[in-house]
Amino acid sequence: MSANTYAKAFIPEIWDASIMRTLEDNLVMKKVCNLKPTRQIQKFGDTIYFNGLADPTVSNYEGTITYETLNDEQIPLLIDKQKYYGFKVTDIEQVMANVDLKGSQAERAAYMLKNKCERDVFENVIADAAAGTVTDSTCDSASILSDIATAAQYLLENNVDESNMWMVITPAIMIKLKLAGVAFSINEGINGKGGMQWTKDLGFTVYVTNTINVDSSGYHNCIAGSYQSIGFAEKLMKSRAMELEDSFATGLSGLLVYGYKVLKPKELVKLALKPVAETTI
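These numbers were taken from a predicted model, which means no experiment stands behind them.

(A) The overall build of the protein chain, seen in detail. When its secondary structure is counted, the protein chain shows six helices and 12 strands. The buried share among the 281 residues of the protein chain stands at 39%. Pairs at least 24 apart in sequence give 76% of the contacts found in the protein chain among residues at least 6 apart. Carbon and sulfur atoms make up 51% of the accessible area of the protein chain, which amounts to about 16700 Å² in all.

Put into structure tokens, the structure is as follows:
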């Protein structure tokens, strides 16, 4: 064997230890939903409850007082949604890459579960928004502030305090706000990762995410409400790694169960905004 042939036979393959993958969205749902049910999820099909009390009756005083019993106002939430992941990683892939593919991809898969869950919630809860609907078929920097102000008006008319108001929008709508002169600051006053906060000019804390539904007509179905308007509960029921019988590989799987419900429809606003090209900028 010649020296050149010998050298070619032993050219090593170099494996990069980094993992190339799609960038992750900001997940903001847990920042805006009510997450305090009366008990924890045990299994799929559970019903959990959000507690409240009925309002007392105000009567004319005519010398005597009648004391009424305030009934509990418990709102049921059915845990009726399930999503899972399942994939396999061969031992040789883990050794050659010199990186914990199993742990890294399990973490990524858990994120994907939460991403799908958030998209499901935001796409469906707006159907129950009863405070009002803001529709703008030509949303640009000239109209966006009026859209936001109308949403704020709807919530204020339903006695939602400015300190209790949030809004979730897409990046395209955020750009319209920036062009209108509204300043954004990243993660200001927000605990944890993700999300964006808008200055409090119109009362809202605004979060930006790609998990908001954009329909086939181009409307960005954004949403605004109070922090008590949506109830949400979830539990990762299974997260496991097991050797597969039919191959020298490890199978990883996970199961997420969850449920959501609009608790206070009159504290929720739908914004159907269709961004268009600017004419004056």
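(B) Inspection of the side chain of S143 at higher detail. Relative to the helices and strands, S143 is located in the loop between β4 (132-139) and α5 (144-156). Looking at S143, its side chain comes within polar contact range of the main-chain oxygen of T138, at 3.5 Å. Contact partners of S143, with chain neighbours within four places excluded, come to D136 and T138.

(C) Quick look at the sheet that holds strand β11 (residues 249-262). The three strands are arranged β3-β11-β10 in an open sheet whose pairing can be described as antiparallel. What marks the edges here is a single partner per strand, and that holds for β3 (81-90) and β10 (230-243). Across this sheet, the average inter-strand angle for adjacent strands is 15 degrees, counted without regard to direction. Taken together, the 10 bridges between β3 and β11 define a ladder with antiparallel strand orientation. Paired with Y85 across the two strands is G254, which belongs to β11.

(D) Structural detail: the pairing of β10. One ladder, built from 13 bridges, connects β10 with β11; its direction is antiparallel. Paired with E234 across the bridge in β11 is Y258. Hairpin connection of β10 to β11: five residues between the antiparallel strands.

(E) Structural view of the sheet that holds strand β12 (residues 268-275). Taken in spatial order, the five strands of this open sheet run β4-β12-β9-β5-β8, and their pairing is mixed. Lying at the two open borders of the sheet, with one neighbouring strand each, are β4 and β8 (205-208). Here the average twist between neighbouring strands, direction ignored, is 20 degrees.

(F) Structural context of the pattern of salt bridges. Taken as a whole and judged by the stated rule, the model has four salt bridges. A salt bridge links E234 to K30; its shortest N-O distance comes to 2.4 Å. With E234 in strand β10 and K30 in helix α2 (residues 29-32), this pair connects stretches of sequence that are 204 residues apart. The class of E234 is partly exposed, set by a relative accessible area of 22%. Residue K30 is classed as partly exposed on the basis of its relative accessible area of 45%. With its nearest N and O atoms 3.0 Å apart, the salt bridge here joins K176 to E278. Here the residue K176 occupies a position in helix α6 (residues 171-179), and E278 occupies one in the segment after β12, the gap between them amounting to 102 residues. Look at K176 and you get buried, because its relative accessible area is 9%.

(G) A look at the packing of aromatic side chains. Here the structure, examined in full by the defined rule, presents two aromatic pairs. For the ring pair Y258 and Y260, a centre distance of 6.4 Å and an interplane angle of 20 degrees mean the geometry is stacked. Judged by relative accessible area, which is 1%, Y258 ranks as buried. Aromatic ring contacts, followed pair by pair, group F232, Y258 and Y260 into a single cluster.

(H) Local environment of α6. Of the residues making up α6, those classed as buried are I173, M174, K176 and L177. The buried residues of α6 occupy one face: seen down the axis, they fall within an arc of 155 degrees. Looking one or two places after α6, you find G181, whose phi comes out positive at around 95 degrees.

(I) Looking closely at unusual backbone geometry. With a phi angle near 65 degrees, N159 is a residue other than glycine that sits in the positive phi range. One can find N159 in the loop between α5 and β5 (165-169).

(J) Just the packing of α5 against α6, in detail. The geometry of α5 relative to α6 is characterised by a closest axis approach of 9 Å and an angle of 110 degrees between their N-to-C directions. Judged on the interaxial angle alone, α6 and α5 are roughly perpendicular. For the pair formed by α5 and α6, the contact residues are I144, L145 and I148 on the first element and I173, K176 and L177 on the second. Classifying every residue of the contact of α5 with α6 by side-chain character gives five nonpolar, no polar and one charged.

Conventions adopted
- Residues numbered from 1 in each chain as written.
- Predicted model: local features only at pLDDT ≥ 70, side-chain atom pairs only at ≥ 80, totals over all residues.
- Heavy atoms only, no water.
- Helix = DSSP H or I, 4+ residues; strand = E, 2+ residues; numbered from the N terminus.
- Buried < 20%, exposed > 50% of the residue type's maximum accessible area, 1.4 Å probe, protein only.
- Contact = heavy atoms within 4.5 Å.
- Areas by Shrake-Rupley, 256 points an atom, 1.4 Å probe, with all protein chains shown as cover.
- Polar contact = N/O pair within 3.5 Å; in protein donor to acceptor, adjacent residues only side chain to side chain.
- Pairing = 2+ DSSP bridges.
- Axes fitted to C-alpha atoms, helices over the stretch in contact; angles between N-to-C directions.
- Salt bridge = Lys/Arg side-chain N within 4 Å of Asp/Glu carboxyl O.
- Phe/Tyr/Trp six-rings, centres within 6.5 Å; stacked < 30°, edge-to-face > 60°.
- Arc of directions from axis to C-beta.
- Parallel < 35°, antiparallel > 145°, perpendicular 65-115°, else oblique.
- Nonpolar A, V, L, I, M, F, W, Y, C, P; charged D, E, K, R; others polar.

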